[in-house]
Amino acid sequence: MKYVSTRGAAPVLPFGDVLLAGLASDGGLYLPDSWPSPPPAPALGATYVDTAVDVMWPYVEGSIDPRAFRTLVGDAYATFSHPDVCPVTPLDDGLSLLELYWGPTIAFKDVALQLVGRLFDHELTRREERATIVVATSGDTGSAAIEACRGRASLDIVVLHPAGRVSEVQRRQMTTVHEPNVRNVAIEGTFDDCQRLVKDLFAAEAFRSDVRLSAMNSINWARVMAQIVYYVTSARSVASGGPVAFSVPTGNFGNVFAGWVARRTGTPISQLVVGSNSNDILTRWLASGRMETTGVHPTISPSMDIQVSSNVERLLFELYDRNAGLVVDRMTELAAEGRVDTGDTRLATVTEVFDGARFDDDQIRAEIRRTLDLTGVLIDPHTAVGVAAARAARRDRDVPMICLATAHPAKFPDAVEEATGIRPPLPEHLADLLDRPEEYDRLPDDLSAVEAYVRAFVTG
Ligand SMILES: *Cc1c(COP(=O)(O)O)cnc(C)c1O
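Below is a short write-up of the structure.

Criteria and thresholds
Residues numbered from 1 in each chain as written. Predicted model: local features only at pLDDT ≥ 70, side-chain atom pairs only at ≥ 80, totals over all residues. Heavy atoms only, no water. Helix = DSSP H or I, 4+ residues; strand = E, 2+ residues; numbered from the N terminus. Buried < 20%, exposed > 50% of the residue type's maximum accessible area, 1.4 Å probe, protein only. Pairing = 2+ DSSP bridges. Axes fitted to C-alpha atoms, helices over the stretch in contact; angles between N-to-C directions. Contact = heavy atoms within 4.5 Å. Near = heavy atom within 4 Å. Polar contact = N/O pair within 3.5 Å; in protein donor to acceptor, adjacent residues only side chain to side chain. Areas by Shrake-Rupley, 256 points an atom, 1.4 Å probe, with all protein chains shown as cover. Nonpolar A, V, L, I, M, F, W, Y, C, P; charged D, E, K, R; others polar.

## Focus: the environment of Thr51
Looking at the element boundaries, Thr51 is found in helix H2 (residues 48-60). Thr51 gets classed as buried once you look at its relative accessible area, which sits at 6%. For the pair Thr51 and Ala41, spaced 10 residues apart in sequence, the C-alpha to C-alpha distance is 9.0 Å.

## So, the sheet that holds strand E10 (residues 244-249)
Taken in spatial order, the 6 strands line up as E4-E5-E15-E10-E11-E14 in an open sheet, and their pairing is mixed. In this open sheet, the two edge strands, each paired with only one partner strand, are strand E4 (88-90) and strand E14 (354-358). Here the strands of the sheet are splayed against their neighbours by 25° on average, with no regard to which way each runs. Where E4 and strand E5 (residues 95-99) come together, 3 bridges link them in antiparallel fashion. Paired with Pro90 across the bridge in E5 is Ser96. Along the sheet face, helix H10 (residues 254-264) touches E10, strand E11 (269-276), E14 and strand E15 (401-405) and points at about 175° away from the line of E11. Helix-sheet contacts for helix H11 (residues 281-288) involve E11 and E14, and the interaxial angle to E14 is about 130°.

## Let's talk about the side chain of Gln170
By secondary structure assignment, the location of Gln170 is in helix H6 (residues 168-175). Note on Gln170: relative accessible area 4%, which makes it buried. Here Gln170 is in contact with Ser138, Gly139, Asp140, Lys411 and Phe412, once residues within four sequence places are set aside.

## Side note on the sheet that holds strand E9 (residues 213-214)
Spatially, the 5 strands line up as an open sheet ordered E9-E6-E7-E8-E16, and their pairing is parallel. Both outer strands of the open sheet, E9 and strand E16 (441-444), are each paired with one neighbouring strand and no more. Taken together, the 4 bridges between strand E8 (residues 182-188) and E16 define a ladder with parallel strand orientation. Residue pairing across strands places Ala186 opposite Arg442, the latter belonging to E16. Here helix H4 (residues 109-127) sits on the sheet and contacts strand E6 (131-136), strand E7 (155-162) and E9; the angle it forms with E7, its principal contact strand, is near 140°.

## Quick look at the site of the ligand
Near the ligand there are 15 residues, and of these Lys109, Asp140, Gly251, Asn252 and Thr406 occur at the shortest range. The contact in question runs from an oxygen atom of the ligand to an N or O atom on the backbone of Gly251, over 2.8 Å. A distance of 3.0 Å separates an oxygen atom of the ligand from a polar backbone atom of Phe253. Bound to the protein, the ligand loses 97% of the 380 Å² it would expose on its own. Each residue belonging to the shell around the ligand can be placed in one class, and the counts come to 5 nonpolar, 8 polar and 2 charged.

Written out as structure tokens, the structure reads:
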């Protein structure tokens, strides 16, 4: 399989290069040059890992040995504390919950990052290279990336979080990992400051090549690839071949785009509901054909607090029949003007399968309470956006609707307690999190200070 950039001016690359590159050199996002045929029907008793290997193999073929790939996939999902890896449980009214939170950091980013960390290590070791991962986080991404990289011989990781601005559970999930290849830094600034620092580090060319800087962020194709799998397994488990709908709490559009790929490659998905919090650029786009940024609004579902959903670029590329020139025009206009119209007749091919719905914090708390009352199941605020969106935007009540549960309720205990009066306990492997010793450094919001810190860590 070869990969092409959505902006058409970067080299066509095999999987291994796309994995390490993340963003394409022309600023675009990589996609397979053609879509593979549907995965084979599962053997009787097929496990999550069996299906994962079948679904992902066409995307990595030619870049990795089949037995090595199977081992990496098996190891990645052996870190999950549920035997089904991503189990499906029923809710009320034909809805069900796809629980994506049984990985080490109890949020769905583990599903992709547990595999991607291993793929990075495998590819770098094969090349006899090392890389440094630098991540800015407002919460979930940092701990998932640390768990993906910890103890891996070819990787160092530095995570920047805004001092005093992440929840205690989130901070401790990062700062209680004591490994020689992991560093945490509290930056005296906001999440936006952290993101700008990382962007500036990537722009500093000498630094970038000296420490072999790399990214595992949500635009990395390998993350989308790993997320296709649970659409296939869950559709098979609830619908046995018939149509199925999904509702997805959405931020950068990586998760729901994986659902679109599952549909494109043969899973019978009749509807994809995009759930948004008050950061509703996607809901407005789906309704009007106009994409317009309005600044970031902090909410009780912080992992969805985004300005622009970067993975939408992949959908636009498909919408424009892979005409990269049109993608460049639209993305340039969006960056320059803060808005762009994509609303020509082609938007109909998007709204044929996608619907959007948005919910503010009060509505999210009400959904957490409603779901508890109706089903006895506690859900986190991100999951609640998806469940509320499923109830609001469902097209056909005869089609089973799967709601993606993207975080364990104990990851956001304050919001869940405020909505229900119940404080969800952490799962067993994290039960002593609040007693573990923390370790992190503190730096000013200053590029040269961060550069010097990373250099000293990597060479020292
Ligand atoms: C990252 C995240 C999301 C958003 O996923 P995208 O792929 O960015 O759309 C939703 N919920 C939780 C808990 C997350 O961590």
